Each structure stands twice: as C-alpha cells, then as structure tokens.
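Survey of secondary and tertiary structure
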Amino acid sequence: MEQSYQDRFAALGNPDRRLLVGMSAASLVALALGILGGVLTALARGGLIDIVPNTGYRFLTVHGVSIFFYWLFVAQAALLLGFSAIENGRGLMRRPLAWAGFGLMLAGFAFSMGGAHMGIPLLYDGAPALAAQTPRALLVFNLGYLLLGLGLMVVPATAIATLLEPRRAGREQRMSGVGFALFTWAGFLIVTGFAAIYTFLPGTLWALGLGAMPTNHGTNWHIVFHNMHYLPLMATVILWYVLVRHLTGVKSVFGERFSKIVFSMYLVFVPPTSLYHMFLEPDLPGVVRVTGSLLSLFVSVPTLTAFLIIVASLEVHARAQGGRGLFGWIRMLPWRHPAMSAIGVAVLSMGLGLAFAFVLIQEKLAPLLSDTFFVPGYFHFFTVGTVSLTLLAALAVMLPALGGRSLWRPGLLRWMPWLVLAGLLAFGAAGVAAGYLGVPRRVIDVAYQSQAPALWQTLMATVGIGGVVMAAALAVFAAGIAVSLLPRRQAAPHAGGLTVTWGESLLRPASSAWVGPLSVLVIVVAMYGFTTIGFEMMQSLPVTAAGGGGH
Amino acid sequence: MNEDFWLIVPIAVVWAVLAVAYAVAPWGDMIGYAWVWGFGSILFVGLAALLARARPDNAPDGAVPDTSSR
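What counts and how
- Residues numbered from 1 in each chain as written.
- Chains lettered and ligands numbered in written order.
- Predicted model: local features only at pLDDT ≥ 70, side-chain atom pairs only at ≥ 80, totals over all residues.
- Helix = DSSP H or I, 4+ residues; strand = E, 2+ residues; numbered from the N terminus.
- Buried ≥ 20, exposed ≤ 12 C-beta atoms within 10 Å, placed from the backbone.
- Contact = placed C-beta atoms within 7 Å.
- Rg over C-alpha atoms; globule rule 2.2 N^0.38 Å.
- Nonpolar A, V, L, I, M, F, W, Y, C, P; charged D, E, K, R; others polar.
- pLDDT = per-residue confidence, 0-100.
- Expected span 1.5 Å × (residues − 1).
- Axes fitted to C-alpha atoms, helices over the stretch in contact; angles between N-to-C directions.
- Parallel < 35°, antiparallel > 145°, perpendicular 65-115°, else oblique.
- Left-handed = near helix turned anticlockwise from the far one by under 90°.

The next thing to look at is the overall build of chain B. Tallying secondary structure elements over chain B gives two helices and zero strands in all. Relative to its full complement of 70 residues, chain B shows a buried share of 34%. In chain B, the proportion of contacts linking residues at least 24 apart, taken out of those at least 6 apart, comes to 59%.

Turning our eyes to something else, we now look at the overall build of chain A. Along the backbone of chain A there are 17 helices and zero strands. Its C-alpha atoms give chain A a radius of gyration of 23 Å, near enough to 24 Å, the size a compact globule of 551 residues would have. Principal-axis analysis of the C-alpha atoms gives chain A an extent of 65 × 55 × 50 Å. Within chain A, the fraction of its 551 residues that count as buried is 58%.

Moving on, we come to the interface of chain A and chain B. Facing 37 residues of chain A, the contacting portion of chain B comprises 34 residues. Sorting the residues of the side of chain A that touches chain B by element identifies α5 (135-168), α6 (177-207), α7 (217-248) and α8 (256-269) of chain A as the ones contributing at least two each. Split by residue class, the side of chain A that touches chain B holds 18 nonpolar, nine polar and ten charged.

As a further point, take the confidence of the model for chain B. Residue and element names in this part refer to chain B. When pLDDT is averaged across chain B, the result is 81; 74% of the residues are at 70 or more. Taken as a whole, residues 60-70 scores under 50 in pLDDT and shows 18 contacts with residues more than four places along the chain or in a different chain. Two numbers describe this predicted complex: its pTM, 0.92, and its ipTM, 0.89.

Along an α-helix, residues three or four apart share an orientation, since each turn contains 3.6 residues. Between its first and last C-alpha atoms α8 of chain A spans 20 Å; for 14 residues at 1.5 Å apiece the expected length is 20 Å, and the two agree. For α8 of chain A, the set of buried residues is Glu256, Ser259, Lys260, Ile261, Val262, Phe263, Ser264, Tyr266 and Leu267 of chain A. Those residues of α8 of chain A that are buried lie in contact with α6, α7 and α10 (301-320) of chain A together with α1 (3-24) of chain B.

Residues and elements named next belong to chain A. At Arg409, a residue that is not glycine, the phi angle is positive and equals roughly 40°. As for its placement among the helices and strands, Arg409 is situated in the loop between α13 (374-403) and α14 (410-413). For Arg409, a count of 12 C-beta atoms within 10 Å gives the class exposed.

If you want to describe how two helices pack, look at the angle between their axes and the distance between the axes. Residue and element names in this part refer to chain A. For the pair α8 and α10, interaxial distance at closest approach is 8 Å and the crossing angle is 160°. Between α8 and α10, the interaxial angle falls into the category roughly antiparallel. Crossing geometry of α8 relative to α10 is assigned as left-handed. The residues of α10 that touch α8, namely those facing Ser259, Val262, Met265, Tyr266 and Phe269, are Val301, Pro302, Thr305, Ala306 and Ile309.

We now examine the confidence of the model for chain A. The predicted structure's coordinates, where accompanied by low pLDDT, should not be read in detail. Taken over all residues, the pLDDT of chain A has a mean of 90, while the share at 70 or more is 96%. Overall, residues 545-551 of chain A carries pLDDT values under 50, and its contacts beyond four positions in sequence, including any with other chains, amount to 17 contacts.

Another aspect to go through is the packing of α5 of chain A against α6 of chain A. Residue and element names in this part refer to chain A. For the pair α5 and α6, the least separation of the axes is 8 Å and the interaxial angle reads 160°. On the basis of their axis angle, the class for α5 and α6 is roughly antiparallel. Viewed along their axes, α5 and α6 form a crossing whose handedness is left-handed. A class-by-class count of the residues in the contact of α5 with α6 yields 26 nonpolar, seven polar and one charged.

This paragraph deals with the environment of Trp15 of chain B. Relative to the assigned elements, Trp15 of chain B resides in helix α1. Residues Trp15 of chain B and Ile42 of chain B, spaced 27 residues apart in sequence, show a C-alpha to C-alpha distance of 8.9 Å. Not counting residues within four places of it along the chain, the set of residues in contact with Trp15 of chain B comprises Pro271 of chain A together with Trp37, Gly40, Ser41 and Phe44 of chain B.

What follows is about the environment of Tyr22 of chain B. All names here are of chain B. Take Tyr22: it is sitting in helix α1. Take Tyr22: there are 23 C-beta atoms within 10 Å of it, and that puts it in the buried class. Ignoring sequence-local partners within four residues, the contact set of Tyr22 consists of Met30, Tyr33, Ala34 and Trp37.

All names here are of chain A. Mapped onto the elements of the fold, Phe427 is located in helix α15 (residues 416-436). Taking the C-beta count within 10 Å as the criterion, Phe427 has 28 such neighbours and is therefore assigned buried. Counting along the chain gives 34 residues from Phe427 to Ala461, while the straight-line C-alpha distance between them is 9.3 Å. Discounting residues that sit within four places of it in the chain, Phe427 has contacts with His380, Val463, Gly466, Gly467 and Met470.

Structure (structure tokens):
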C-alpha cells in the first residue's frame, strides 16, 4: 500500500526537518510582517486611520516586499524541498546548498526590510528614480533582492539533485507526475532568481557609483514581475495536484504522462505571453500589440488544464463513491480538513482572478486600468485567495507531519479560508469598482482636498474593512498552522479522520465529469461580462484616462 | 531519453526562439527579456542533459523499476 504523505514527511531525518522547519518559520514571519503592513495600508487607504502619506507608502513597501517577494518565495522554496525530499524517499541530497540558499534569502529579507525603512519608500518595485537623492537606501534595498535572487538560484539545486537521485541510483526509470512537476518548478525558480538579479543589479551598481542610473528599470521590472506572478501560480496548481492526492487519495484519471505534458506546457507558455506587459510602451508597433493580445489569451491555458484534470479526477471518484447531482458530489470532499477548505477557496478565487485578469490584459483596457485600484482589487484574488491559501494548505499538511503533532484546532481553522474569502470579496469588489471609476492605485489619500467623487472614499472604506477581515482571518489561519512548529507535547494522531481514501475506488467506464468544463465556461462568460461593464462604466467617466508605468 | 527528457526540450526551444526574437526586436528595449529567456533556455538544456545523463548506463530500458505511477 502506498505510504501517505504524512508518513513520508514523518520519516525524514532530523537534518532535513530542521531545514524545512526553519524555512517554513521564516516564510511565516515574512507573511506576518506583510499582513501587518497590509492592514495598516488598507486602513490608511480607507481613511480609517490618519497618517502622513509617506508613512502609508512605507507600510505599502513593507507589505509588498514581505508578501510578494519573501513569503511567496521562501514558502515555495520550503515546499519544493519538502515534497522533493519525500518524492525521493531518502531525504534531501546536497543539503548544504539549500542551507546556503536559505541563508542568502534570510540575509536578503533583512536588507530589504532595512531598505524599506530608509529614505523615500521605494514600494516593492524599487524604482531607482525615486532614490535619486538617497542612493544608500537603494543600495540596501536592492542588496536584499539580489541576495534573494541568489538564494532562489541556489536552493532549487538541492531539489534537482534530490529528484535526480533515484534515477541516478537506478531505482527509477522515469519521474512520477509529481516528481516531474517539482523538477520544472525548480528550474523556473532558478530563472526567476536570475531575472531578479538582472533587474536589480543596474540600480545597485548605480548606487555604488559603478554605473549609470538605469532608465529602463520599468521594462526590466516587467520581466521579473512576469516570472514572479506566474511562478506562484505554477506552484499553486502543482500543490493542488499533490494535496488532492493527500486529502482524497485520488490520482489523475488522465494518467501521469498527461499531467507531465501540462506542467511542461506551463513553461512553454510563460515567455510568449509576457508581451502584454509592454502594451503601455508608446513605440510598440500595432502588429505587436495585436500579437500580444492574441498570445495573452494563452496565459491561463495550462492553469485551467491542470484545474480540469484535478476537478474531473475528483468528480469521477466522488461519483464512484455515490456522489449525485451536478454539484452534489462536491459535498463529499473532505471539507473538515483546513487544507481542503483552503483549496476550495483558492479555486473560487482563481476563477474570479482569471476573469478580471482577462479584462486587464486586453490591449484597449490595459492603458485605462493599469494605474487604477482595479489592479490591487483583482490581484489579491490571486496573491491571497489563490496562492497564499494554497501555500498555507501545503504547510498545514507538511508542518504537523514534520513536527509529529496534529494540526491545531482543525475545526476552527477550516472556517478561516472562507472568512478570508468574505473579506476578499468585499476588498476585491470595491477595489475593482473603484478602478473602473478611476481611483488611482499607489495613492494613500484619494480625497484630493474633497475634490474627488464621494463614492471614491466609500469604496476605499469598503476596501479597508474588507482588507482587515481578510488579513485577520489569514493571520489566524497562518498562526494556527505555525503552532505545528512548537515543540511536541502530545503524540501525533493520524490525520486520517480528516481525509478520505478514494484512490482504490472502482471507476465506471465512460464516467462523465461536467463541473470542470462548466467552471471554465463560467469564467469565460464572467470575463465578457466584466469587460462590458468596464467599458460601460468608463465611457461614463468625464475624462479619458491614459496609462502610466503599468503593473 | 524518455518522456521526461522530451518534455523539457520544447521549453528550452521555445525560450530560445523567444530570446532571439526579443534580442533583435527593434522596439521597446527588450534586451532584458532576451537575457532572461536566453538564460532560462540554457538552464533547461542543462536540465535536459542531466535527465539524459542521470539514467544508469548499465541498466537497459525496463531494467529499473518504473515508478511513474507512484
């Protein structure tokens, strides 16, 4: 019988455990700091606390840097190593490399946080032009990203060595679907580390007096940004694939090879779709804009395909267990496990995020919306609802198994993702509507000496309240998972009561599964709906907007 | 060289083509994209080579357990 993930994590040696626990703890510290910065920013933007704008921008910088760069990427590194270690079955190979990479990331975090508190707040993209008078602040800030980039290039080497070891030792002829996914994930992490170094090195050289002020930072930022928002999404679908197996015992009904093709496709589609970031460039020829628009349609193909594989596999197995009705089988999923709730919310958030993303990346709408609150309004569906909850779901499986203890209060924790969703819906709906109505992003006070429409402030207050609810629920969820890091005081009961085992169920030939395709149809309809609403609302605005620096 | 190898190859090829396209693009100062995707292409060529090399030389096809269903 196949060993459960819990047993496989529990079987890891102490050196591996120490590394994985250390990295997970560091990622959760970054998340906690980022949440704090986010709450303060949301309250300031909602007019619920009165602070000078500069302080607000500093909160925003801490929020963006901590969450987007350190929480998302240190957690990914920890989970990549953890699942690679159990995939191998014999623990991590070349572990010192991973420690070195983790050390670089930690040092990077310290520098980035230091830089965030020096000089003019640089926000998370660290534009050198903002630091023209304070090169030392930019130096400290950029050193953080450079160290993070180096760490991202070093840590995955351990995962790659670990995943190749069974093959090298002759125990394996080809990788499993999960092993191959982890292998490609590791490669993409290295490329993203390189992109971060490429983007932030010129500014660092300028700050050291060794180079000219980089005037093309905006273009370079788009490169690292493109990678840094695709990579967590790739990690998300890989983790869904892995976690669904842990929670239900279900493997893909389409076979391992098809899963590998989808994970490979993920990386094939990444670079061609990056063109839409250039839509705001004035010298971009029309033919390139059209090509970029067409290519951008491929942007979610691998994500949706992986989603379809997982949902169809679950539906077929749930029906074999007696699930009835179009949606009735969904009730049979192991919702008592907080990781299942987190994945459920992540899927719903991804649907909403994709619908709005397709609105934003249209060539005609990108210049109108890119500098509005539409952007933070929609991307929190991805960063919080989809990616952060998925990473936390994976930590909720890995950390208790590593610590040899049961997950803290699963009955309470399972409701937190839904509370996150409630806050997110308020934050996202108000934020997107505010964006349609022209509320700028990256502006702490949108009152403009009471000259701005009153509705702007109402919408931003809703954003603030939604943000606080979302942040509080996320903090409780993360803290509950972090309890697993504490020394064990009780024997660890098996999590079997929270999961189901459908893997051995006998499937009916020609089983049908409609919820996956139906979900994609809903996303497409929503995309058209939100696009139409967007045009209608913006046509009623008294001004014709023109975009700036993009997202 | 099995499916693992052949599924890495298209990544390296597409990234290389994109890197060249961005390198010669006369608009938008896209050389950064060329560097990043070019580096990625070389990296995935390296990973494909590791996959090709990692298979034990003394084991003919099928002589080692196929764990692809694990």
